[in-house]
Amino acid sequence: MQYESIVGPPKRTRGQAKVIPPTKEMVNAAIQSSERLEGIASLLAMLKDRASSEQITASDLSVIRCIVESCVAELDAA
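Here's a quick rundown of the structure. Small disclaimer: the values here were computed from a predicted structure and weren't measured.

Thresholds, definitions, all that
- Residues numbered from 1 in each chain as written.
- Predicted model: local features only at pLDDT ≥ 70, side-chain atom pairs only at ≥ 80, totals over all residues.
- Heavy atoms only, no water.
- Axes fitted to C-alpha atoms, helices over the stretch in contact; angles between N-to-C directions.
- Helix = DSSP H or I, 4+ residues; strand = E, 2+ residues; numbered from the N terminus.
- Parallel < 35°, antiparallel > 145°, perpendicular 65-115°, else oblique.
- Left-handed = near helix turned anticlockwise from the far one by under 90°.
- Contact = heavy atoms within 4.5 Å.
- Nonpolar A, V, L, I, M, F, W, Y, C, P; charged D, E, K, R; others polar.
- Salt bridge = Lys/Arg side-chain N within 4 Å of Asp/Glu carboxyl O.
- Buried < 20%, exposed > 50% of the residue type's maximum accessible area, 1.4 Å probe, protein only.

Let us now look at the packing of helix α2 (residues 24-51) against helix α3 (residues 58-77). In the contact formed by α2 and α3, the axes pass within 10 Å of each other and the chain directions differ by 165 degrees. By the criterion of interaxial angle, the relationship of α2 to α3 is roughly antiparallel. Crossing angle aside, the handedness with which α2 passes α3 is left-handed. The residues of α3 that touch α2, namely those facing Asn28, Ala29, Ala30, Gln32, Ser33, Arg36, Leu37, Ile40, Leu43, Leu44, Leu47 and Arg50, are Asp60, Leu61, Val63, Ile64, Ile67, Val68, Ser70, Cys71, Glu74 and Leu75. Class assignment for the residues of the contact of α2 with α3 results in 14 nonpolar, four polar and four charged.

See the structure below:
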């Protein structure tokens, strides 16, 4: 499995490329955040459909914002 796509390009040490594998916490954070973001995509699709007949409220958008912020915090911590 290639981890470069999760953590970015290999780090360079004294002119030589050295791949530093991600920690278990980094991988778990990336996977959990990916799953949450997929959920957000579903919520946004639902809100888009609902917007044609109803008004979207601030609390609807607040839920999405909280999920995104928790993903960012979790990825930053990893």
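Past the structure itself, the notes keep going.
Let us now look at the pattern of salt bridges. For the coordinates displayed, the defined rule picks out four salt bridges. Arg36 is the partner of Glu74 in a salt bridge, and the nearest nitrogen-oxygen pair spans 3.2 Å. Of this pair, Glu74 sits in helix α3 while Arg36 sits in helix α2, and the two are 38 residues apart along the sequence. A residue is classified by how much of its surface remains accessible, and Glu74, at 21% relative accessible area, is partly exposed. A residue is classified by how much of its surface remains accessible, and Arg36, at 31% relative accessible area, is partly exposed. One salt bridge connects Glu69 with Arg65, and the closest N-O pair in it is separated by 2.9 Å. In this pair, Glu69 and Arg65 both sit in helix α3, four residues apart, roughly one turn of the helix. Its relative accessible area of 42% is what places Glu69 among the partly exposed residues. Taken together, the shared-partner salt bridges in this structure form one network comprising Arg50, Glu54 and Asp60.

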